[in-house]
Amino acid sequence: MRFLCPCLLALLALVPTSRAAAGETKPGTSVVFIEEVHATSDALDSVVVLPDIFRRTSASIEHVSAIEGGVLTLGAGWNETRFSDLDFEDDRALSLELKADMQLGDRVEFRGALGYGWSDEGDDFPIGDLVLGMRTTTHTLSAGAEIGVDLGRGFSLIAAAAQRRSFAGDTHFEEDILPPLRLEADKSMPTLALGLRHSHGERTFGLSARYSAVDLRQGDALTEAYSARLLALMAELALKRESGVALGLSFGVEALRGEAGIVEQVRPALRATVQLPLGPRVTFAASLAAGFDLDDTDDPLGSWRERGEIELAIALREALMLGAGIFAERTKNLVLDETEHAHGAYAEVEYRVSDTVSVLLRGDWEQIRSPLFRPAKRRQSAFLRIKASI
């Protein structure tokens with residue numbers, strides 16, 4: 001389900017799976033290569049609308065080693081985007097990750113990860129009808145750990161902690177028209193979570209608490225310093241049957257408070273997913289989510305996002321899949337104090353040439369209404385993807 005955003009329940013996402021990883025992950029090395037060709041009517045995704053064709057290349061390698069009580073995984077990835085005409089939008093990114101999944105005794109499981117990322121991202125700086133290209137390099141460090149304890153009688157306790165810090169360099173402008181400026185702030189995002197889960201047959205019930213924060217460190221006069229704290233208290237339910245029916249529901253309250261009263265909101269939060277087989281070859285999936293987003297947002301601090309999605313997948317043959325979906329989304333940027341509405345649809349066909357090679361052809365249509373776009377902006381795009389794994 002590439003179209004739908006992952007709306008996994010927070011509690012279930014924290015459950016360590018080291019026992020499964022140790023038992024199912026075989027030691028060895030795997031390589032995945034993906035090549036995509038995109039054509040879009042809105043390459044910049046900004047107030048200036050320009051069409052272009054771009055290629056995206058992704059390559060990753062992962063080596064799994066067996067250790068006492070678990071597995072150790074070392075991975076590396078490279079992503080590169082190259083535009084035909086608007087080459088100032090080219091992006092490059094490198095990622096390195098070390099993960100450990102271990103069984104500590106009969107009742108305790110541990111998962112830990114360390115990561116490093118480097119990115120060189122191109123962007124546009126609109127000046128009226130003109131577009132000035134610019135480029136920023138960012139380094140990111142991340143670390144996380146999860147511990148799961150089997151309390152007996154189907155109960156388990158899960159605790160998790162993570163920290164991610166990004167360090168942005170100066171932004172350099174096309175042809176050095178302007179001197180380098182610090183337009184991006186350094187960001188720190190710590191997270192703590194605690195969950196209690198009870199499994200009974202096909203059903204799982206849980207309670208979870210999550211604390212997360214975002215701190216933006218001021219670089220110079222052009223970057224603002226913001227900070228906010230988010231507390232989420234959720235009740236959760238999951239159901240998965242052998243027939244293929246899967247339901248997930250997470251509901252509760254999220255409270256966000258910003259420094260110096262820049263934002264202070266308490267809202268009910270919801271995440272719901274459903275997957276239903278409509279026959280031997282047809283699957284229906286839908287999701288609904290409402291909550292704060294401090295990570296994937298255009299706002300300096302964060303956004304409140306409401307999103308609904310529907311998808312239908314049809315297996316014409318074992319190796320040939322059709323998919324189609326629609327979505328609607330409302331995003332309220334907290335610091336910028338602007339609201340964006342978007343809705344769209346997609347259709348795709350995927351053919352698995354072999355167990356290691358697949359080809360996908362997809363088309364997307366999207367309409368966006370925002371204070372920045374008058375009238376509403378429409379975007380059409382299509383891409384061809386070839387994926388090969390070794």
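Cut-offs used in this document
Residues numbered from 1 in each chain as written. Predicted model: local features only at pLDDT ≥ 70, side-chain atom pairs only at ≥ 80, totals over all residues. Heavy atoms only, no water. Helix = DSSP H or I, 4+ residues; strand = E, 2+ residues; numbered from the N terminus. Buried < 20%, exposed > 50% of the residue type's maximum accessible area, 1.4 Å probe, protein only. Contact = heavy atoms within 4.5 Å. Areas by Shrake-Rupley, 256 points an atom, 1.4 Å probe, with all protein chains shown as cover. Lys, Arg positive; Asp, Glu negative; His and termini not counted. Charge placed at Lys NZ, Arg CZ, Asp CG, Glu CD. Pairing = 2+ DSSP bridges. Patch = residues over 30% accessible without salt bridge, like charges linked within 9 Å, V, L, I, M, F, W, Y side chains within 5 Å. Salt bridge = Lys/Arg side-chain N within 4 Å of Asp/Glu carboxyl O. Polar contact = N/O pair within 3.5 Å; in protein donor to acceptor, adjacent residues only side chain to side chain. Core = buried A, V, L, I, M, F, W, Y, C linked by side-chain atoms within 4.5 Å. Phe/Tyr/Trp six-rings, centres within 6.5 Å; stacked < 30°, edge-to-face > 60°.

Visitor: Can you walk me through the overall build of the protein chain in this structure?
Guide: Along the protein chain, the regular secondary structure elements total 2 helices and 18 strands. Expressed along its principal axes, the backbone C-alpha trace of the protein chain runs to roughly 65 × 55 × 40 Å. Evaluated residue by residue, the protein chain yields a buried proportion of 37% over its 390 residues. The long-range fraction of contacts in the protein chain, counting pairs at least 24 apart against all pairs at least 6 apart in sequence, stands at 55%. Accessible surface computed for the protein chain: about 21,200 Å², of which carbon and sulfur atoms make up 59%. With 41 positive and 58 negative side-chain charges, the protein chain shows a spacing of 7 Å between the two charge centroids.

Visitor: Any chance you could explain the pairing of strand 17 (residues 357-370) here in plain terms?
Guide: A regular strand carries its side chains on alternate faces of the sheet. Two elements, strand 16 (residues 338-352) and strand 17, share 12 bridges in a ladder whose sense is antiparallel. Along strand 17, the bridge assignment pairs glycine 344 with glutamate 366.

Visitor: Please explain a nonpolar patch on the surface as it appears in this structure.
Guide: Taken together, the side chains of Leu192, Tyr211, Leu231, Leu233, Val253 and Val266 present a nonpolar region at the surface, about 510 Å² in accessible area. With respect to the helices and strands, tyrosine 211 occurs in strand 9 (residues 203-217).

Visitor: Just checking my understanding: could you explain the side chain of arginine 379 for this structure?
Guide: Mapping arginine 379 onto the fold places it in strand 18 (residues 373-389). According to the relative accessible area criterion, arginine 379 is buried, its value standing at 14%. In terms of polar contacts, arginine 379 uses its side chain to reach the side chain of aspartate 42, at 3.2 Å. Dropping the residues within four chain positions of it, arginine 379 is found in contact with Thr40, Ser41, Asp42, Asp45, Asp364, Trp365, Glu366 and Ile368.

Visitor: Can you walk me through the pattern of salt bridges in this structure?
Guide: Side-chain pairs of opposite charge can arise whenever the charged atoms involved come near each other. According to the stated counting rule, one finds 26 salt bridges in the structure shown. Arginine 82 is the partner of glutamate 35 in a salt bridge, and the nearest nitrogen-oxygen pair spans 3.7 Å. Remark: arginine 82 occurs in strand 3 (residues 70-83) and glutamate 35 occurs in strand 1 (residues 28-40); sequence separation between them is 47 residues. Ionic pairing is found between arginine 82 and glutamate 80, a salt bridge with its closest N-O pair at 3.9 Å.

Visitor: Any chance you could explain the nonpolar core here in plain terms?
Guide: Considering soluble globular proteins, one finds that nonpolar side chains tend to be buried as a cluster. Among the nonpolar cores identified, the biggest contains 15 residues, and Val214, Leu256, Phe292, Leu294 and Leu301 are the most heavily contacted of them. The set of elements that each furnish at least two residues to this core consists of strand 9, strand 10 (226-240) and strand 13 (282-293). Ranked by the residues each element gives to this core, the list is headed by strand 10, at 3 residues. Residues contacting valine 214, with those up to four places away along its chain left out, are Lys187, Ser188, Met189, Tyr226, Ser227, Ala228, Arg229, Leu294 and Leu301. Membership of the second largest hydrophobic core comes to 7 residues, among which are Ala43, Leu44, Phe83 and Leu86.

Visitor: I keep staring at the pairing of strand 16 and nothing clicks. Help me out?
Guide: Bridge analysis of strand 15 (residues 320-333) against strand 16 gives 14 bridges, and the strand direction is antiparallel. When the bridges of strand 16 are listed, phenylalanine 327 appears paired with glycine 344. Hairpin connection of strand 15 to strand 16: 4 residues between the antiparallel strands, including aspartate 337 at a positive phi of 55°. From the end of strand 16 to the start of strand 17, which pair antiparallel, there are 4 residues.

Visitor: Which parts of the structure should I look at to understand unusual backbone geometry?
Guide: Most peptide bonds adopt trans geometry, and most residues besides glycine take a negative phi value. Phi angles above zero are rare outside glycine, and arginine 153 is one such case at about 55°. Relative to the helices and strands, arginine 153 is located in the loop between strand 6 (130-152) and strand 7 (155-173). Classification of arginine 153 as exposed rests on a relative accessible area of 80%.

Visitor: What's the story with the packing of aromatic side chains in this structure? I'm lost.
Guide: Two aromatic rings are characterised by how far apart their centres lie and by the angle between their planes. Going through the model one piece at a time under the given rule, you end up with 4 aromatic pairs. When the centroid spacing of 4.8 Å and the interplanar angle of 35° are considered together, the rings of phenylalanine 54 and phenylalanine 83 count as tilted. Of the two residues, phenylalanine 54 is situated in strand 2 (residues 52-67) and phenylalanine 83 in strand 3; the sequence distance between them amounts to 29 residues. For the pair formed by phenylalanine 54 and phenylalanine 83, the shared burial category is buried. Between tryptophan 78 and tryptophan 118, the ring centres sit 6.3 Å apart and the planes meet at 10°, which makes this aromatic pair stacked.

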